[in-house]
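Geometric and topological summary
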Protein chains: 2
Amino acid sequence: MYSLAEENYIKTIFHLQQTKKGVVSTNAIAESMDTKASSVTDMVQKLSEKKVLSYVKYKGAQLTEEGKKIATRIVRKHRLWEVFLVDKLEFHWDEVHEIAEQLEHIHSTELIKRLDKFLGSPAFDPHGDPIPDEHGNFVKTEKKLLSQLHKSQFGICVGVKESSTEYLQYLDKKKISIGTKINVLGKEFFDGSMVIEVGTNQFFVSKKIADNLYVQTL
Amino acid sequence: MYSLAEENYIKTIFHLQQTKKGVVSTNAIAESMDTKASSVTDMVQKLSEKKVLSYVKYKGAQLTEEGKKIATRIVRKHRLWEVFLVDKLEFHWDEVHEIAEQLEHIHSTELIKRLDKFLGSPAFDPHGDPIPDEHGNFVKTEKKLLSQLHKSQFGICVGVKESSTEYLQYLDKKKISIGTKINVLGKEFFDGSMVIEVGTNQFFVSKKIADNLYVQTL
DNA sequence: TTTATTTTTTAGCCAAGGCTAAAAAATAAT
DNA sequence: ATTATTTTTTAGCCTTGGCTAAAAAATAAA
Ligand SMILES: [Mn+2]
Ligand SMILES: [Mn+2]
Ligand SMILES: [Mn+2]
Ligand SMILES: [Mn+2]
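Throughout what follows, the structure given in this document is the object of discussion. In this text, all values refer to a predicted model and were calculated from it rather than measured experimentally.

1. Some points on the overall build of chain A
When its secondary structure is counted, chain A shows 8 helices and 8 strands. Seen through its principal axes, chain A has C-alpha atoms that stretch 55 × 45 × 30 Å. In chain A, which comprises 218 residues, the proportion classed as buried is 44%. Within chain A, counting contacts between residues at least 6 apart in sequence, those at least 24 apart form 62% of the total.

The following block contains the structure:
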């Protein structure tokens, strides 16, 4: 059984090594967790002792297979609880992350098994992120960022990269959610900004906006 | 915001002062929480500082109004989650307590508000214990112990005093659950044992069994 | 009303998980 | 190839929430 602190480190390192490809630096972990590098060093050494990750001084950390398994279980719990909060308790997608951060640490495999069944074994969470199955397998989807589309292409919104309250509320205001069709009417090469069409609405989006929305083109 | 440890102390003291009427001793808390009296002294002094309880050295502790409010909120959460686990996830009533012990510490008033609504604002948990409303009011029910009934009286099972797995599983085996009608066919004055009828079944119950089952007589 | 027993508190120690400041290693710049 | 800068680790300290052993207070017995 891992402590709350340990679980949070494992989860953070898991997410970091997805993007940062491979080894994760002490500083990256510290920044991501809003803590100090010295604290990270301590914990990473401890988790290395426990064979949850491999760690080379001054080089960085990398989860072992065991570590990835633990991380995946936490991610599964987090996302299932988010589905519960949105589908059953009618929370809005920008309100659920903080609560799921707490719920993901509830220990009970039976609970998750039953929750999953109760929710109809969803494959994606409310933000379009895949929910690993009980064996830890993620579905592989090819999706691209809205910013990668060209003029006159269109895509279906399938997820968000950033899921801050501010960003999600912006999307709401613009009536964009999972499943929404988006037409690219124009694209400015200078700054990457776009003019898009959502339903009957046409409006301008900055590159920052377009860089955080995943779409599926068919 | 109170820590996990603080919340558990507050909850325990709340339950103890229900029965023990008033002030709760250091030793009683220690025994109930399976910890040492010296640890209790420390925590009780700290909670006294925080005005959660009043505490007189060598006399004992007693929750303040604020303390009772905190405790009530935790009890409400615990029991609502138990209803969720049984009604929605189809857990059995003897399996939910441990999980609810964890879930009761999730912090979010909005979550509880919505969970309560989702469950249809239940008044009782799966063990027949009343769920305080959002203002902390418990419904007052007059119930008595099965052991207090006389020969040829009958009662409807409305709850259990003990809710250990062993006891709940015994009740299951005997097909007794909330709402079950129980006829007292005979009562032995020497040891308080009874012969009761449940459905078409007639069997013997010890005083210990009868002492832990709440019934309503009309 | 002393004496014995039980209950409670105090004193001192420990592990987990933080922090700051200083040292050391790695990397970048001259 | 040095020197400067950045990154990372180490050393030492703090708080929380435990523990044991000894002291003190309250209660029960004689
Ligand atoms: Mn989330
Ligand atoms: Mn999510
Ligand atoms: Mn319970
Ligand atoms: Mn209960």
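Moving on from the model shown.
2. Regarding the protein's contact with DNA strand D
Near DNA strand D you find 19 residues, and of these Tyr55 and Lys57 of chain A together with Ser3, Ser39 and Lys46 of chain B are the closest. Here, DNA strand D places atoms within 4 Å of the protein, and 79% of those atoms are sugar or phosphate. One of the backbone N or O atoms of tyrosine 58 of chain A is found 3.1 Å from a phosphate oxygen in DNA strand D. One of the side-chain N or O atoms of serine 38 of chain B is found 2.9 Å from a base oxygen in DNA strand D. Listing elements by their share of the surface near DNA strand D, those giving two or more residues are α2 (26–33) and α3 (37–49) of chain A together with α1 (4–19) and α3 (37–49) of chain B. At 4 residues, the largest contribution of residues to the surface near DNA strand D is made by α3 of chain A. For the surface near DNA strand D, the residue count by class is 6 nonpolar, 10 polar and 3 charged.

3. A closer look at the interface of chain B and chain A
Contact with chain B, which involves 20 residues of that partner, is made by 20 residues of chain A. Of the roughly 1600 Å² buried between chain B and chain A on both sides combined, carbon and sulfur atoms contribute 72%. Contact with chain A buries surface across chain B, with Leu89, Gln102 and Arg114 of chain B losing the most and accounting together for 32% of the total. Seen at the junction of chain B and chain A, the total is 0 salt bridges. In this assembly, chain B and chain A are joined by 6 residue pairs in polar contact (both at pLDDT 80 or more).

4. Focus: the pairing of strand β6 (residues 194–198) of chain A
All names here are of chain A. Counting buried residues in β6 gives 4 out of 5 residues, a clear majority hidden from the surface. In this sheet, β6 lies alongside strand β5 (residues 181–187) in antiparallel orientation, the contact comprising 5 bridges. Its bridge partner being in β6, glycine 186 is matched across the sheet by valine 195. Between β5 and β6, which pair antiparallel and follow one another directly, the connecting turn spans 6 residues, one of which, glycine 192, has a positive phi of 75 degrees. The pairing of β6 with strand β7 (residues 201–205) spans 5 bridges and is antiparallel. Following the sheet pairing, valine 198 is matched in β7 by asparagine 201. In sequence, β6 turns back onto β7 through a hairpin of 2 residues, with glycine 199 there showing a positive phi of about 65 degrees.

5. Regarding the coordination of the manganese ion (ligand 2)
All names here are of chain A. Taken together, the protein ligands of the manganese ion (ligand 2) are Glu82 (OE), Asp125 (OD) and His127 (ND1), with distances of 2.1 to 2.3 Å. Along the chain, the residues donating to the manganese ion (ligand 2) fall in the pattern E-x42-D-x1-H. A separation of 3.4 Å is found between the manganese ion (ligand 2) and the manganese ion (ligand 1), both of which receive a donor from glutamate 82. Placement of the pair is glutamate 82 in helix α4 (residues 65–88) and histidine 127 in the loop between α6 (109–118) and β3 (144–145), with a sequence separation of 45 residues. Both residues of the pair, glutamate 82 and histidine 127, count as buried.

6. Examining the pattern of salt bridges
Under the defined criterion, the tally for this structure stands at 18 salt bridges over all chains. With its nearest N and O atoms 3.1 Å apart, the salt bridge here joins lysine 68 of chain A to glutamate 65 of chain A. Here lysine 68 of chain A and its partner glutamate 65 of chain A are both found in helix α4, 3 residues apart, which amounts to about one turn of the helix. Lysine 68 of chain A gets classed as partly exposed once you look at its relative accessible area, which sits at 30%. On the basis of relative accessible area, glutamate 65 of chain A is assigned to the exposed category, the value being 59%. For the salt bridge of lysine 11 of chain B with glutamate 101 of chain B, the shortest nitrogen-to-oxygen distance reads 2.9 Å. Remark: glutamate 101 of chain B occurs in helix α5 (residues 97–103) and lysine 11 of chain B occurs in helix α1; sequence separation between them is 90 residues.

7. Observations regarding the sheet that holds β5 of chain A
Residue and element names in this part refer to chain A. If you trace the 6 strands from one edge of the open sheet to the other, you get β3-β8-β4-β5-β6-β7, paired in antiparallel fashion. The sheet terminates laterally at β3 and β7, the two strands that pair on one side only. Examined bridge by bridge, strand β4 (residues 154–160) and strand β8 (residues 213–216) share 4 bridges and lie antiparallel to one another. Across the sheet, glycine 159 pairs through a bridge with tyrosine 214, a residue of β8.

Basis of the calculations
- Residues numbered from 1 in each chain as written.
- Chains lettered and ligands numbered in written order.
- Predicted model: local features only at pLDDT ≥ 70, side-chain atom pairs only at ≥ 80, totals over all residues.
- Heavy atoms only, no water.
- Helix = DSSP H or I, 4+ residues; strand = E, 2+ residues; numbered from the N terminus.
- Buried < 20%, exposed > 50% of the residue type's maximum accessible area, 1.4 Å probe, protein only.
- Contact = heavy atoms within 4.5 Å.
- Near = heavy atom within 4 Å.
- Polar contact = N/O pair within 3.5 Å; in protein donor to acceptor, adjacent residues only side chain to side chain.
- Nonpolar A, V, L, I, M, F, W, Y, C, P; charged D, E, K, R; others polar.
- Buried area = accessible area lost by both parts, 1.4 Å probe.
- Salt bridge = Lys/Arg side-chain N within 4 Å of Asp/Glu carboxyl O.
- Pairing = 2+ DSSP bridges.
- Donors = N, O, S within 2.8 Å, 3.2 Å for Na, K, Ca; no water.

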